[in-house]
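Each chain is listed here by its residues.
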Amino acid sequence: MGYVCGCMEMAEYVVTRCAEVGRPVTDLHLQKMLYFLQLGFCSATAGRDLLFPEEFEVWRYGPVLPSVYDRFSVYGGGSINRSFECRNLYDKLSVRPNMKSFIDRTIDALRKKSPWDLVAQTHADGTPWEMVKTKHGYRATIPNSLIAEQAGRFALLTVISPQMRSSAERNS
């Protein structure tokens, strides 16, 4: 299974993209966006690739990447209104422009959703978060293998269009 970048690179990219359009995200919103980006990208590549190798944990309000939480939790429930360089990620995405388009469109769609709507989606019956929570409880790791296995079922069906999925598939 291949990866595009590290989770911190993607988190910085999401924060930057949202801040630059005047709609900064909170840490909670960022975490859910990263989760659905991971699911959507994995689904679009038919389970062959993930955006990043780090695994989510089961937390009360849904999946969390602990390193991203440690970095951005200082903002509390407030907006993360800042930009990052993101040069390394831009370089990685420049060779796969359809992938960048897919990621950007997905970020833009997720940004418009309430973080609490995204939390509710992560808690739905049969999602990777719910499966791991039921079996192992809070703070358990959601294996990337489960994300890959379930990605097709819980991709961003209400968020991304089939055209966006096909553009990501062409670049995988």
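Cut-offs and rules
Residues numbered from 1 in each chain as written. Predicted model: local features only at pLDDT ≥ 70, side-chain atom pairs only at ≥ 80, totals over all residues. Heavy atoms only, no water. Helix = DSSP H or I, 4+ residues; strand = E, 2+ residues; numbered from the N terminus. Expected span 1.5 Å × (residues − 1). Buried < 20%, exposed > 50% of the residue type's maximum accessible area, 1.4 Å probe, protein only. Axes fitted to C-alpha atoms, helices over the stretch in contact; angles between N-to-C directions. Parallel < 35°, antiparallel > 145°, perpendicular 65-115°, else oblique. Left-handed = near helix turned anticlockwise from the far one by under 90°. Contact = heavy atoms within 4.5 Å.

1. Considering helix α5 (residues 97-111)
The end-to-end C-alpha distance of α5 is 21 Å, a good match for the 21 Å that 15 residues give at a rise of 1.5 Å each. For α5, the full list of buried residues reads Met-99, Phe-102, Ile-103, Asp-104, Thr-106, Ile-107, Asp-108, Ala-109, Leu-110 and Arg-111.

2. Here we look at helix α2 (residues 27-44)
In a regular helix each residue adds 1.5 Å, so 18 residues correspond to 26 Å; α2 covers 25 Å between its end C-alpha atoms and thus fits that length. Buried residues dominate α2, accounting for 18 of its 18 residues. One or two positions beyond α2, positive phi appears at Ala-46, with a value near 55 degrees.

3. Concerning the packing of α2 against helix α6 (residues 115-122)
Where α2 contacts α6, the axes come no closer than 9 Å and their chain directions differ by 45 degrees. Here α6 runs oblique to α2, going by the angle between their axes. For α2 against α6, the interelement crossing comes out left-handed. Across the interface between the two elements, Leu-28, His-29, Lys-32, Met-33, Tyr-35 and Phe-36 from α2 touch Pro-115, Trp-116, Leu-118, Val-119, Gln-121 and Thr-122 from α6.

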